[in-house]
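# Tertiary structure, described
Listed below, chain by chain, are the residues.
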Amino acid sequence: MPDPAKASEEDVHSAWRVARAQSDFAGLWLSYLEPMGNNVAEEAGELVLNVAFTGDLQRHEGELRMRWGSRLCVTRQQHTMAELHRIQRELMGAVGKKLGLRVASTSLSDDENVVNLEVLVVDEQTRQAIEDRYGAGAVRTTAILKPVRQAA
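Heads up: these notes are all about the structure in this document. Note that the coordinates shown come from a computational prediction; the quantities given were computed from them, not determined experimentally.

## Side note on the packing of aromatic side chains
Across all of its chains, the model carries 1 aromatic pair by this definition. Between Phe25 and Phe53, the aromatic rings sit 6.3 Å apart at their centres with planes inclined by 75°, giving edge-to-face as the arrangement. In this pair, Phe25 is assigned in strand β1 (residues 25-32) and Phe53 in strand β2 (residues 47-53), connecting sequence segments 28 residues apart. The class of Phe25 is buried, set by a relative accessible area of 5%.

This is how it looks when you write it as structure tokens:
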């Protein structure tokens, strides 16, 4: 049940800490109901706290409601943040080297539940090897350079 008395910046941080401590935590982000200047809401009621988990959403919503009294969306994602961090580390380390990746950058997307992987160049065989290893949609690979096909 919403509680306007629990809608401060401190309350957002409290909910954030509780969510991140859960083993099935999969992401957290804020959505603004209307565009705001400098992307800052003037009132807490103008934003939605979105929190994703891979497990028991009802339990998590109850735990978060004890700390956050404004708009809340608790949703399910496929991968925990811990899994995405592991995938990111592997692709930047031994797995990436084994696949011949020249990694330019990586990042995680809480709302899309994906590892963004930017590499110098990537072919379809390597994309498929990444998908086979981590599953469809876990890694979004983009290449800085595009292969040039030579005319026959």
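This is not the end of the story, as more comes after the structure.
## Examining the environment of Ala104
Turning to its location among the elements, Ala104 is positioned in strand β4 (residues 103-109). Residue Ala104 is classed as partly exposed on the basis of its relative accessible area of 47%. Each C-alpha atom of the pair Ala104 and Asp123 lies 16 Å from the other, and the pair is 19 residues apart in sequence. If sequence neighbours within four positions are ignored, Ala104 has contacts with Glu118, Val119 and Ile144.

## A short note on a nonpolar patch on the surface
A grouping of Val121, Ile144 and Leu145 is seen on the molecular surface, where their side chains present a nonpolar patch of about 250 Å² in accessible area. Assignment of secondary structure puts Leu145 in the segment after β6 (139-143).

## Points about the sheet that holds strand β3 (residues 72-76)
Pairing in this open sheet of 3 strands is mixed, and the strands run β1-β2-β3 from one edge to the other. The open sheet has two free edges, formed respectively by β1 and β3, since each of these has just one partner strand. Adjacent strand axes in the sheet meet at a mean angle of 20°, parallel and antiparallel pairs treated alike. In terms of strand pairing, β1 meets β2 through 7 bridges, oriented antiparallel.

## With respect to the nonpolar core
Core analysis: the largest hydrophobic core is formed by 30 residues, its most contacted members being Val51, Leu91 and Val139. Those residues in contact with Val139 that sit more than four places away from it in its chain are Ile87, Leu91, Val114, Val115, Leu117, Ile130 and Tyr134.

## Notes on unusual backbone geometry
Not every positive phi belongs to a glycine, and Asn113 is a case in point at roughly 55°. With respect to the helices and strands, the residue Asn113 is situated in the loop between β4 and β5 (114-119).

Parameters and conventions
Sequence positions are assigned chain by chain, starting from 1 and proceeding in written order. Local features in a predicted model are, by the rule used here, given only for residues with pLDDT of at least 70; side-chain atom pairs are given and counted only at 80 or more, and totals for whole chains, interfaces and linings are based on all residues. With hydrogens and water stripped out, all remaining heavy atoms of the structure feed into the side-chain values. The aromatic pairing rule takes the rings of Phe, Tyr and Trp, using the six-membered ring of Trp, and pairs them if the centres are within 6.5 Å, calling planes under 30 degrees apart stacked, those over 60 edge-to-face and the rest tilted. Think of it this way: any DSSP run of H or I at least four residues long counts as a helix, any run of E at least two long counts as a strand, and we number them from the N terminus. Think of it in three bands: with a 1.4 Å probe and only protein chains considered, a residue is buried below 20% of the maximum accessible area for its type, exposed above 50%, and partly exposed in between. Contacts are assigned to residue pairs that have any heavy atoms within 4.5 Å of one another. Patches here: salt-bridge-free residues with over 30% relative accessible area, like charges joined within 9 Å, nonpolar side chains (Val, Leu, Ile, Met, Phe, Trp, Tyr) joined within 5 Å. Residue burial considers only the protein chains on display, and all accessible areas are found by Shrake-Rupley using a 1.4 Å probe. By definition here, a salt bridge exists when the distance from a side-chain nitrogen of Lys or Arg to a carboxyl oxygen of Asp or Glu is within 4 Å. Strand pairing is assigned whenever DSSP identifies at least 2 bridges connecting the two strands. Between N-to-C directions, angles cover 0 to 180 degrees, with each direction set by a line fitted to C-alpha atoms, over the stretch in contact for helices. In this description, a nonpolar core means a group of buried Ala, Val, Leu, Ile, Met, Phe, Trp, Tyr and Cys residues linked to one another through side-chain atoms lying within 4.5 Å.

None of the figures reported here should be taken as evidence of function without further support.
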